[in-house]
Amino acid sequence: MKVLIISIAFAIGQMNTLQDKPVVHLQPHSGAVQVDFGGKQLELDHAPTVIYLPMTPPKLDSQGNPWSVDIKNLEPGVVMVVGKDQFSSRIVVSQTIHVFSNGISYSLHPFLK
């Protein structure tokens, strides 16, 4: 029984590790989300109050997957994310949003609307 419990705990720990995305940050004094942030988690710490998604919405990330980025606000205030075609989303402190691009426009992940 002990072995089963330890095996299950180990498997759950491995699953959590596999779900983690690489963490990236904005360049100093920049509010631009880079295309190569696709497939990663962008943590905002000392970021401007408005950040901008790439002007041309990317279709794929560097791994060949549909382009998306998780944006987590670690700031003491609200941050606005702005993109093409009137896309904008407010991120409150400690909130994470999932921004998806189909190569034409941006949207929030369907489960987070």
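As a reminder, the structure under discussion sits directly above these lines.
Notes on the structure follow. Since we're looking at a predicted model, the values are computed, not measured.

Before going further, it helps to spend a moment on the sheet that holds strand S3 (residues 50–52). The strand order across the open sheet built from three strands is S3-S5-S6, with neighbouring strands paired in mixed fashion. If you trace the sheet from one side to the other, it starts and ends with S3 and strand S6 (88–91), each paired once. Adjacent strand axes in the sheet meet at a mean angle of 25°, parallel and antiparallel pairs treated alike. Bridging between strand S5 (residues 79–82) and S6 involves four bridges; their strand directions are antiparallel. Within S6, the residue paired with Val82 across the bridge is Ser88.

Per the stated rule, a full pass over the model turns up two aromatic pairs. Where Trp67 meets Tyr106, the ring centres are 6.1 Å apart and the plane angle is 65°; that geometry is what we call edge-to-face. A residue pair is termed long-range when its members are at least 10 positions apart, and Trp67 in the loop between S3 and strand S4 (68–73) and Tyr106 in strand S8 (residues 106–108) qualify at 39 residues. Residue class for Tyr106 comes out buried when judged on its relative accessible area of 6%. Centroid distance Phe87 to Tyr106: 6.1 Å. Interplanar angle 50°. Geometry classified as tilted. In this pair, Phe87 sits in the loop between S5 and S6 while Tyr106 sits in strand S8, placing the two residues 19 residues apart along the sequence. Here the two residues Phe87 and Tyr106 agree in accessibility, since each one is buried. The rings of Trp67, Phe87 and Tyr106 are connected pair by pair, giving a single aromatic cluster.

Before going further, it helps to examine the pattern of salt bridges. Evaluation of the coordinates by the stated rule reveals one salt bridge. Measuring nitrogen to oxygen at the nearest pair gives 3.1 Å for the salt bridge that ties Lys21 to Asp70. Here Lys21 is found in the loop between helix H1 (2–19) and strand S1 (23–24), whereas its partner Asp70 is found in strand S4, with 49 residues between them in sequence. According to the relative accessible area criterion, Lys21 is partly exposed, its value standing at 30%. Using a relative accessible area of 13% as the deciding quantity, one classes Asp70 as buried.

Quick notes on the rules
- Residues numbered from 1 in each chain as written.
- Predicted model: local features only at pLDDT ≥ 70, side-chain atom pairs only at ≥ 80, totals over all residues.
- Heavy atoms only, no water.
- Pairing = 2+ DSSP bridges.
- Helix = DSSP H or I, 4+ residues; strand = E, 2+ residues; numbered from the N terminus.
- Axes fitted to C-alpha atoms, helices over the stretch in contact; angles between N-to-C directions.
- Phe/Tyr/Trp six-rings, centres within 6.5 Å; stacked < 30°, edge-to-face > 60°.
- Buried < 20%, exposed > 50% of the residue type's maximum accessible area, 1.4 Å probe, protein only.
- Salt bridge = Lys/Arg side-chain N within 4 Å of Asp/Glu carboxyl O.

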